[in-house]
Amino acid sequence: MTTTYELTDLDQLEAESIHIFREVAAEFERPCLLFSGGKDSIVMLRLAEKAFSPARLPFPVMHVDTGHNFPEVLDFRDRRLAELGARLVVASVQQSIDEGRVTEETGPRASRNRLQTTTLLDAIGEHRFDALFGGARRDEEKARAKERVYSFRDEFGQWDPKNQRPELWNLYNGCIRQGEHIRVFPISNWTELDIWEYIRREGIEIPSIYFAHQRPVFERDGMWLADSEYVTRMEGEEVVNRTVRYRTVGDMSCTGAVDSNAATIEQVIEEVGATRITERGATRADDRVSEAAMEDRKREGYF
Amino acid sequence: MELLRFATAGSVDDGKSTLIGRLLYDTKQIFQDQLEAIERTSEQMGNEYTNLALLTDGLRAEREQGITIDVAHRYFATPKRKFIIADTPGHIQYTRNMVTGASTADLALVLVDARNGIVEQSRRHAFLASLLRIPHLVVCVNKMDLVDYDEAAFEAVKAEFREFAMKLDIADLTFIPVSALHGDNIVERSPNMSWYEGSSLLHHLEEVHIASDRNHVDARFPVQYVIRPQSDAHHDYRGYAGTIVGGVFKPGDEVMVLPSGFTSTVASVDTFEGPVDEAFSPMAVTIRLDDDIDVSRGDMICRPGNQPNAGQDLQAMVCWMSEASRLAPRTKLAIKHTTRTARAMATDLQYRLDINSLHRDESAEVLALNEIGRVTLRCTQPLFFDEYRRNRATGSFVLVDETTNATVAAGMIIGAGS
Ligand SMILES: Nc1nc2c(ncn2[C@@H]2O[C@H](COP(=O)(O)OP(=O)(O)O)[C@@H](O)[C@H]2O)c(=O)[nH]1
């Protein structure tokens, strides 16, 4: 009998991510996992669960809550964290507004997306977190394509793309001074399709809004925004009922849905395989402003 | 499906961005919005055609300067394989980027302009690929359209490259004549070069045999993290979590733990899905032992009959990656090797290598940014290592400056001793 020692692509990606989770848990004092309720952070939770099983997660989970959530996502968050026995930290944008740390935008294009950065950085300071796991992937966007797995942030939470630490083999440099922190991206090398295939393979539950459903929506900038109390419609923006699903999950005021009949994970995978528009391009108003939009926000300390 | 990681290198304007753009475009990885964005930018920049190279030009500063300045990662898949590209800039001062991008690559793809032949940078890239022991090297002789798809031009580049490569340790060397701009020999064999009998680039990437490149002989398990659930259900559980970096581990295996030298037997190899019959590199698992011995992060689990070197003194090829400082004898740094961190001092710089001529300059006294040399290091604690040529994971390390916390060097171990 000849045995071949080969791992599938998903197994290799999984192993790499688990390695990163363990490395951080071993070397940092106060790590924390950022959870948005989106599919990427759901996969992150599963990977973290695997990395430390049968023990519980050795760090809390933080949700930066814009107050503009999809209710389905909040339900999901609470159920899943209870199942894992994980500790939840909520950092509230509403609270930052109430305390005068940030000013709410006004007008029909108001979004709390940018405000999140302050709320996040305040929470990092308050809890003295030194490492934050994020679910960003390098295939999402050009600036991310160049970001390290361990992404150093200075005491202002800023990323300096010109001054990144070289990252070699699977050796990660987590050395920081007080007040600085590292954003850690364990699924850097996964693609959108990898995420979906993994969700299918593992039988991971995800919030229902990822599957086709009926929803009152209106069209803005070529995408469907949910009609909700958080967005003011502009003239000519008519609400219609459509069968849609979400490709990413974020703030309700700026996350767009796509027309879709994909009601099962198999159908979603088929659709993702055939689709011709990137997930951020299709559904995130926040990234469309300019080609360098993400890079600018990241420099300021965004996720 | 298998995963192939490859690094690309070429000097500026050899057509690397165009080649990668072409690979992504022809394998249908380019999305409509990305295409529209680069069409807009091409127009603004006054290009006559949609510049596929823009697909891979990431950061704003780079777009402004029109050059690639940091390692960027790209992803694409065909029905046969998934690919991760570490796109490393070929600019002269960015040796450190190529080293960074190439450290985990299965294959290196070096571009040469058919009109210019081998230039200083090509030698540098070939040398770095061999230094980092990337198992497969592919040389794409690009811009064949500008030499009338002439076989003799291709053969000339090939001969010149081979002559230089003989001095290097390259296991598998392949040459492919291409035109990235027009797509010749990228996905399909080109009708313009019927004299060429090899595979197209994509076909080669899909077929090159990588399964046997990993070390499945020497069992090596650097302990990363100790799992001790504080729960009733798993009261007595004590597992050593980590990533296997060599060999195979099975329940019942007799193992030795370094540095203590204690031996025990593998009780089980656990994963989230349950125990497995055997585990191999690069699996991330949790090993439990039959005996209650003291094991912690930084320890190495191996077989008593096949141990790595253990010692405080090592010889290594070091690539210096810091602009702000230099490596000189007596420089003290932190060293990260597998899951161990110690302090290290350079006790000797034996020579600095001129990576164009491969000349060894024994009179050199320091290593500066992007310089490579053979260095002797003394560590405050023993490390458990193999030669880099035998195992890329137990043979590699990085050095960190303890005052700035910057990663200042990458090292590839040649052996023990002072
Ligand atoms: N004629 C021709 N031009 C090419 C080819 N590949 C790239 N170029 C051109 O060479 C220039 C540099 O290419 P680019 O991909 O930006 O090079 P990089 O600096 O290596 O990334 C551009 O003007 C390309 O259009 C080729 O195969 N044939």
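Residues numbered from 1 in each chain as written. Chains lettered and ligands numbered in written order. Predicted model: local features only at pLDDT ≥ 70, side-chain atom pairs only at ≥ 80, totals over all residues. Heavy atoms only, no water.

### Quick notes on the domain arrangement of chain A
Residue and element names in this part refer to chain A. The domains assigned to chain A are domain 1 (9-193 + 292-300) and domain 2 (208-287). Taking only C-alpha atoms into account, the centre of domain 1 sits 23 Å from that of domain 2. Each partner contributes residues to the interface: domain 1 has 27 residues there, and domain 2 has 25 residues. Across the domain 1 to domain 2 interface the summed buried area is about 2200 Å²; carbon plus sulfur atoms make up 52%. For domain 1, the biggest contributors to the area lost against domain 2 are His68, Phe70 and Pro108; these three give 30% of the whole. Linking domain 1 with domain 2 are two salt bridges, by the criterion used here. At the junction of domain 1 with domain 2, the criterion picks out four residue pairs in polar contact (both at pLDDT 80 or more). (Domains from an automatic or database assignment. Contact = heavy atoms within 4.5 Å. Buried area = accessible area lost by both parts, 1.4 Å probe. Salt bridge = Lys/Arg side-chain N within 4 Å of Asp/Glu carboxyl O. Polar contact = N/O pair within 3.5 Å; in protein donor to acceptor, adjacent residues only side chain to side chain.)

### Details of the side chain of Ser41(A)
In this structure, Ser41(A) sits in helix 2 (residues 39-52). Owing to a relative accessible area of 4%, Ser41(A) belongs among the buried residues under this scheme. (Helix = DSSP H or I, 4+ residues; strand = E, 2+ residues; numbered from the N terminus. Buried < 20%, exposed > 50% of the residue type's maximum accessible area, 1.4 Å probe, protein only.)

### Side note on the sheet that holds strand 8 (residues 223-226) of chain A
Residues and elements named next belong to chain A. Within the closed barrel, the four strands sit side by side as 7-8-10-9. Their pairing is antiparallel. This sheet shows a mean twist of 70° between the axes of neighbouring strands, independent of strand direction. Of the strand pairs in this sheet, strand 9 (residues 240-246) and strand 10 (residues 256-259) are connected by three bridges, and their pairing is antiparallel. Looking across to strand 10, one finds that Tyr246 is bridged to Ala257. (Pairing = 2+ DSSP bridges. Axes fitted to C-alpha atoms, helices over the stretch in contact; angles between N-to-C directions.)

### Focus: helix 7 (residues 192-202) of chain A
Every buried residue belonging to helix 7 of chain A is among Glu192(A), Asp194(A), Ile195(A), Trp196(A), Tyr198(A), Ile199(A) and Glu202(A), and all of these are buried. Among the residues trailing helix 7 of chain A, Gly203(A) stands out with phi positive, at a value near 60°.

### Quick notes on the domain arrangement of chain B
All names here are of chain B. Domains assigned within chain B are domain 1 (3-207), domain 2 (221-302) and domain 3 (309-416). The C-alpha-based centres of domain 2 and domain 3 are spaced at 30 Å. The interface of domain 2 with domain 3 comprises eleven residues on the first partner and seven residues on the second. Summing both partners gives a buried area of about 770 Å² for domain 2 against domain 3, and 66% of it is carried by carbon and sulfur. On the domain 2 side of the interface with domain 3, the three residues burying the most area are Val245, Gly298 and Met300, jointly 49% of the side's total.

### Comments concerning the site of the ligand
All names here are of chain B. What surrounds the ligand is a group of 17 residues, the closest being Asp13, Lys16, Ser17, Thr18 and Asp145. With respect to the ligand, the side chain of Thr18 contributes an N or O atom lying 2.4 Å from an oxygen atom. In the environment of the ligand, an oxygen atom lies 3.1 Å from a nitrogen or oxygen atom belonging to the side chain of Lys143. Contact with the protein chains removes 79% of the 580 Å² of surface that the ligand exposes when unbound. Ranked by residues supplied to the shell around the ligand, first place goes to helix 1 (residues 16-26) with three residues. Across the shell around the ligand, the residue classes tally to six nonpolar, six polar and five charged. (Near = heavy atom within 4 Å. Areas by Shrake-Rupley, 256 points an atom, 1.4 Å probe, with all protein chains shown as cover. Nonpolar A, V, L, I, M, F, W, Y, C, P; charged D, E, K, R; others polar.)

### What to know about the interface of chain B and chain A
By a frequent convention, interface size equals the accessible area lost on bringing the separate parts together. Contacts between the two partners involve 81 residues from chain B, matched on the other side by 63 residues from chain A. Both sides together, the interface formed by chain B and chain A hides about 6100 Å², and carbon and sulfur atoms give 54% of it. Scanning the region where chain B abuts chain A turns up eight salt bridges. The partner of Arg5(B) in a salt bridge is Glu16(A), and the shortest N-O contact between them spans 2.8 Å. Counting across the interface, chain B meets chain A through 27 residue pairs in polar contact (both at pLDDT 80 or more). Its residues assigned to classes, the side of chain B that touches chain A shows 37 nonpolar, 26 polar and 18 charged.

### A few points about the sheet that holds strand 5 (residues 150-153) of chain A
Pairing between the strands of a sheet comes from backbone hydrogen bonds, and it takes one of two forms, parallel or antiparallel. Residues and elements named next belong to chain A. Spatially, 3-2-1-4-6-5 is the arrangement adopted by the six strands of the open sheet, whose pairing is mixed. The sheet is open, and its two borders are formed by strand 3 (88-92) and strand 5, each paired with just one other strand. Taking each pair of neighbouring strands and ignoring which way they run, the sheet shows an average axis angle of 30°. The pairing of strand 4 (residues 131-133) with strand 6 (residues 181-184) spans three bridges and is classified as parallel. Within the sheet, the bridge partner assigned to Ala131 lies in strand 6 and is Ile182. Of the strands in this sheet, strand 2 (61-65) and strand 3 touch helix 3 (residues 71-84), which is tilted by about 150° from strand 3.

### Focus: the packing of aromatic side chains
Under the definition given, this model contains 19 aromatic pairs over all chains. For the ring pair Phe59(A) and Phe133(A), a centre distance of 5.0 Å and an interplane angle of 45° mean the geometry is tilted. Of this pair, Phe59(A) sits in the loop between helix 2 and strand 2 while Phe133(A) sits in strand 4, and the two are 74 residues apart along the sequence. Here Phe59(A) matches Phe133(A) in class, with each residue buried. Aromatic side chains Phe154(B) and Trp195(B) sit 5.6 Å apart centroid to centroid with 40° between the ring planes, which places their arrangement in the tilted category. Of this pair, Phe154(B) sits in helix 6 (residues 151-165) while Trp195(B) sits in the loop between strand 6 (172-177) and helix 7 (201-207), and the two are 41 residues apart along the sequence. A network of ring pairs unites the aromatic residues Phe21(A), Phe52(A), Phe59(A), Phe133(A) and Tyr225(B) as a single cluster. Over the aromatic face of Phe164(B) sits the side chain of Arg123(B), whose NZ or CZ is 5.6 Å from the ring centroid. (Phe/Tyr/Trp six-rings, centres within 6.5 Å; stacked < 30°, edge-to-face > 60°. Lys NZ or Arg CZ within 6 Å of the ring centre and 35° of its normal.)

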